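The primary structure of each chain is shown beneath.
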Amino acid sequence: MRLDFVTIFPDYFAPLELSLVGKARERGDLQVGVHDLRTWTDDVHRTVDDSPYGGGPGMIMKPEPWGRALHELTGQSADEHRASSAARIVVLTPAGRPFDQAYAADLAASPWLIFCCGRYEGIDARVSDAWADDEISIGDYVLAGGEAAALVIAEAVARLLPGVLGNAESAGDDSFADGLLEAPAYTRPPEWEGRPVPEVLRSGDHGAIASWRREQSLLRTRQRRPDLPDPTTGSQT
Ligand code: 6GU
């Protein structure tokens, strides 16, 4: 899979050298490109923003640098891209579709994602109209720009790629993979600062352990996430 990021803060993407994503790149399972939007400006000040039509606070990102960037990265015009493209173009915006684990799995099936990271009060809407396949938000709060959101999505997607997670950390057991939060987990020592590990986990009874974990997952999900459907009733709890 290939991931490209277009941003006015290329240094923001230094963490892509690290950890799981960095290792996937070293193995060749993942290609990453980080691109400075100002490369595609045409004035001496390398201007990327302008004031909003209709008035209001803040600044809007000008469409021309984005159009040139996406044209160069895809090798297509916007019309060609919309007709058929290897690249899936993602615009990060708090006004986007909410990101979740199912959305991550859908993105992970694509061979190439291009993340457009806006700053200021956002990107001129014609850029998304012309180019975007997806407009995504990572939650109901406002960030200063799309960069942190793009990193969140890239990590969630990369760890779903074949061969990226070790067997020991298979993605199937994750919170949300089955619509439930994960049960609490423990390791040695068996007692720490007066707190014992639940006896059932040390019993060696694999059936009892599976039942306990299921019960803990249901309890946690009901308590912490009443918005998620209860899989035992099929209704909200
Ligand atoms: Cl994708 N961008 C910004 N600026 N804020 C956000 C967001 C994205 N998702 C949640 N808040």
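What this report covers is the structure whose coordinates are included nearby. The model shown is predicted, which means the values in this text are computed figures rather than measured ones.

1. Side note on the packing of helix 4 (residues 101-108) against helix 6 (residues 147-158)
It is at 8 Å that the axes of helix 4 and helix 6 come closest, and there the two elements cross at 70 degrees. Taken together, helix 4 and helix 6 sit at an angle that is classed as roughly perpendicular. Contacts between helix 4 and helix 6 involve A104, L107 and A108 from the first element and I153, A156 and V157 from the second. Residue composition of the contact of helix 4 with helix 6, grouped by class: six nonpolar, no polar and no charged.

2. So, the site of the ligand
Every residue close to the ligand is listed here: L92, T93, P94, I136, S137, I138, G139, Y141, L143, G145 and A149. Take I138: an N or O atom from its main chain is 3.0 Å from a nitrogen atom of the ligand. Take L143: an N or O atom from its main chain is 3.0 Å from a nitrogen atom of the ligand. Looking at the shell around the ligand, the elements with two or more residues in it are strand 5 (88-98) and strand 7 (134-137). At three residues, the largest contribution of residues to the shell around the ligand is made by strand 5. Taken together, the residues that form the shell around the ligand break down as seven nonpolar, four polar and no charged.

3. Considerations on the layout of surface pockets
One number sums up the size of the largest pocket: a volume of about 430 Å³. Lining the largest pocket are 27 residues, and of these L92, T93, P94, A95 and G122 lie nearest its centre. Contributing elements (two or more residues each) for the lining of the largest pocket: strand 5, helix 5 (125-131) and strand 7. Broken down by element, the lining of the largest pocket gets its largest block of residues, five residues, from strand 5. A breakdown of the residues in the lining of the largest pocket according to their chemical character gives 14 nonpolar, eight polar and five charged.

4. Focus: the pairing of strand 5
For a regular strand, side chains alternate in direction, first toward one face of the sheet and then toward the other. Strand direction decides the pairing type here: strand 5 and strand 6 (residues 112-117), joined by five bridges, are parallel. Opposite V91, over in strand 6, you have C116 as the bridge partner. The pairing of strand 5 with strand 7 spans five bridges and is parallel. Bridge pairing links P98 to S137 in strand 7.

5. Focus: the nonpolar core
Counting residues in hydrophobic clusters, the biggest one holds 30 residues, and the most contacted among them are F5, L30, L92, L107 and F115. Of all the secondary-structure elements, those providing two or more residues to this core are strand 1 (2-7), helix 1 (19-27), strand 5, helix 4, strand 6 and helix 6. In terms of residue count, the dominant contributor to this core is helix 6 (eight residues). When residues no more than four places from it in sequence are discounted, the contact partners of L30 are M1, L3, V21, A24, R25, A158 and L161. Among the nonpolar cores identified, the runner-up in size contains 20 residues, and W66, W112, V127 and W131 belong to it.

6. Observations concerning the state of the cysteines
In protein chemistry, a disulfide is the covalent bond that joins the sulfur atoms of two cysteines. Going through the model one piece at a time under the given rule, you end up with zero disulfides. Just so you know, C116 is unpaired, no disulfide at all, and the nearest cysteine sulfur is the one on C117, 7.4 Å from it.

7. Brief notes about the pairing of strand 1
Most of strand 1 is tucked away, with five of its six residues classed as buried. Between the parallel pair strand 1 and strand 2 (residues 31-36), the chain is carried across by helix 1, and the sense of this crossover is right-handed. Alignment of strand 1 against strand 6, held across five bridges, turns out to be parallel. In the sheet register, V6 faces strand 6, and the bridge partner there is C116.

Rules used throughout
- Along each chain, residue indices are assigned from 1 in the same order as the chain's sequence is written.
- pLDDT decides what is reported in this predicted model: residues at 70 or higher carry local features, side-chain atom pairs at 80 or more are listed and counted, and totals for whole chains, interfaces and linings draw on all residues regardless.
- Only hydrogens and water are removed before side-chain values are computed, so all heavy atoms of the structure are retained for them.
- Only the stretch in contact is used when a helix axis is fitted, and all axes are lines through C-alpha atoms; the angle between N-to-C directions ranges over 0 to 180 degrees.
- In this description a helix means any DSSP run of H or I spanning at least four residues, a strand means any run of E spanning at least two, and both kinds are numbered starting from the N terminus.
- Between 65 and 115 degrees an angle is taken as roughly perpendicular, under 35 as roughly parallel, over 145 as roughly antiparallel, and anywhere else as oblique.
- The contact criterion used is simple: two residues touch if any of their non-hydrogen atoms lie within 4.5 Å.
- Charged means Asp, Glu, Lys or Arg here, nonpolar means Ala, Val, Leu, Ile, Met, Phe, Trp, Tyr, Cys or Pro, and polar covers whatever is left, Gly included.
- A molecule or strand has a residue near it when one of that residue's heavy atoms lies within 4 Å.
- A 3.5 Å cut-off defines polar contacts: any pair of N or O atoms within that distance qualifies, except that in protein one atom must be a possible hydrogen donor and the other a possible acceptor, and neighbouring residues in sequence count only when both atoms are side-chain atoms.
- A pocket here means an open set of points on a 1 Å grid, computed over the protein atoms alone, that has protein on both sides within 12 Å along at least five of seven lines. A cavity is instead a set of points where a 1.4 Å probe fits but cannot get out; residues with an atom within 4 Å of a point line either one.
- Grid points are joined across faces, edges and corners, and a volume is the space filled by probe spheres set on the points.
- Any two strands with at least two DSSP bridges between them are considered paired.
- In this text, buried Ala, Val, Leu, Ile, Met, Phe, Trp, Tyr and Cys residues form a nonpolar core when linked through side-chain atoms within 4.5 Å.
- Only protein chains enter the calculation, and the probe is 1.4 Å; a residue is then buried if its accessible area is under 20% of its type maximum, exposed if over 50%, and partly exposed in between.
- Here, a disulfide means two cysteine sulfur atoms that sit within 2.5 Å of each other.
- By convention, orient the strands away from the viewer: a clockwise path from the first strand over the helix to the second makes the crossover right-handed.

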